[in-house]
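Chain and residue survey
As a plain string of letters, each chain reads:
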Amino acid sequence: MDPFASGFAGSLALHALLIALALTSGFLFHHGNNWGAGNASGAISATLVTQVPLPPKEFTSPNSVLATETPSPAPTPPTPKTVAVPKPDAIPIPVKPTRPPKVAEHTNPTPP
């Protein structure tokens, strides 16, 4: 006999009982069709409109730091920075030498 047979049968019986209980309670406590009843309080009626009245656009100063009405399609390129020419009597700053990265030695294994 299958070791899962008793568990499967118990699960099947429990689910059947729950479905039967839900259907029975629906038949016993059903009181008619109450969807959209005429005596419902607090109902709101809605009508369709062709356009929505929007407030007028406020005037913005052209000197404002906010975005303009016609923004640029691309950001402006950065201005190139000028390099200051060092003074002839200035002491040069030594540059720290960089070490090459350490790489592990690779040895080929001897064939068997």
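The rules behind these values
Residue numbers restart at each chain and count upward from 1, following the sequence in its written direction. The predicted origin of the model limits local features to residues at a pLDDT of at least 70 and limits the giving and counting of side-chain atom pairs to 80 or more, whereas totals for whole chains, interfaces and linings rest on all residues. With hydrogens and water stripped out, all remaining heavy atoms of the structure feed into the side-chain values. Helix and strand assignments follow DSSP, with helices taken as H or I runs no shorter than four residues and strands as E runs no shorter than two, numbered in order from the N terminus. Computed with the Shrake-Rupley method and a 1.4 Å probe, the accessible areas treat only the protein chains shown as cover for residues. Residues forming no salt bridge and having over 30% relative accessible area are the ones grouped into patches, like charges within 9 Å of each other and nonpolar side chains (Val, Leu, Ile, Met, Phe, Trp, Tyr) within 5 Å. Any carboxyl oxygen of Asp or Glu within 4 Å of a side-chain nitrogen of Lys or Arg constitutes a salt bridge here. Throughout, exposure labels follow a simple rule: accessible area from a 1.4 Å probe, protein chains only, divided by the maximum for the residue type, with under 20% read as buried, over 50% as exposed, and the rest as partly exposed.

**As for the overall build of the chain**
Within the chain one finds one helix and zero strands. Of the roughly 12700 Å² that the chain leaves accessible, carbon and sulfur atoms contribute 67%.

**A short note on a nonpolar patch on the surface**
Residues Leu14, Leu17, Leu18 and Leu21 make up a contiguous nonpolar surface patch of roughly 420 Å² in combined accessible area. Tracing the chain through its elements places Leu14 in helix α1 (residues 5–28). We classify Leu14 as partly exposed; its relative accessible area is 47%.

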